[in-house]
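Residue strings, one per chain:
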Amino acid sequence: GLPTSCACCTADAKDKYDRDGDVAKGADALVWQALASVIVPGFVVNRVVAAARLATKLPMTATVAGLASIPIIIKPIDHAVDLGLDATLRPWLFPPKAD
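Let me begin by describing the structure that accompanies this report. If you're wondering where the values come from, they're calculated on a predicted model, not measured in any experiment. (Residues numbered from 1 in each chain as written. Predicted model: local features only at pLDDT ≥ 70, side-chain atom pairs only at ≥ 80, totals over all residues. Heavy atoms only, no water.)

For helix α3 (residues 61-87), which comprises 27 residues, the first-to-last C-alpha distance of 38 Å matches the rise-based estimate of 39 Å (1.5 Å per residue) to within 8%. Among the residues of α3, those classed as buried are A62, G66, S69, I73, I77, V81 and L85. (Helix = DSSP H or I, 4+ residues; strand = E, 2+ residues; numbered from the N terminus. Expected span 1.5 Å × (residues − 1). Buried < 20%, exposed > 50% of the residue type's maximum accessible area, 1.4 Å probe, protein only.)

Looking now at the side chain of D12. For D12, the position within the fold is in helix α1 (residues 2-20). Within polar-contact distance, the side chain of D12 engages the side chain of Q33 at 3.1 Å. In this view, D12 contacts A29 and Q33; residues no more than four positions away in its chain are not counted. (Polar contact = N/O pair within 3.5 Å; in protein donor to acceptor, adjacent residues only side chain to side chain. Contact = heavy atoms within 4.5 Å.)

Turning to the state of the cysteines, a few remarks are in order. Inspection of every chain in the model, using the stated rule, returns 0 disulfides. Free of any disulfide, C8 has its nearest neighbouring cysteine sulfur in C9, separated by 7.1 Å. Free cysteine C9: the closest other cysteine sulfur is in C6, separated by 6.0 Å. A relative accessible area of 5% places C9 in the buried class. (Disulfide = S-S within 2.5 Å.)

Given below as structure tokens:
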């Protein structure tokens, strides 16, 4: 459920921070995990289920469609979140080092 997902996101962020005390790495991990593991997949699966409900009246079809979409959406979501963070948060968290 959602509490478990949030706990996993927080644990990963803490692990990234604990490795070398870098707050930026912990923040990056927390934002990435929250987006790629909780927020975006939840939204996408919700929309798949909503579309399946409109397309058919067969019982459980919408639920099966939502569950079946999960393996298909994982890599595209991960990639999109990476691109989004590379274009927004990461340049701020990890500015280029001046020579």
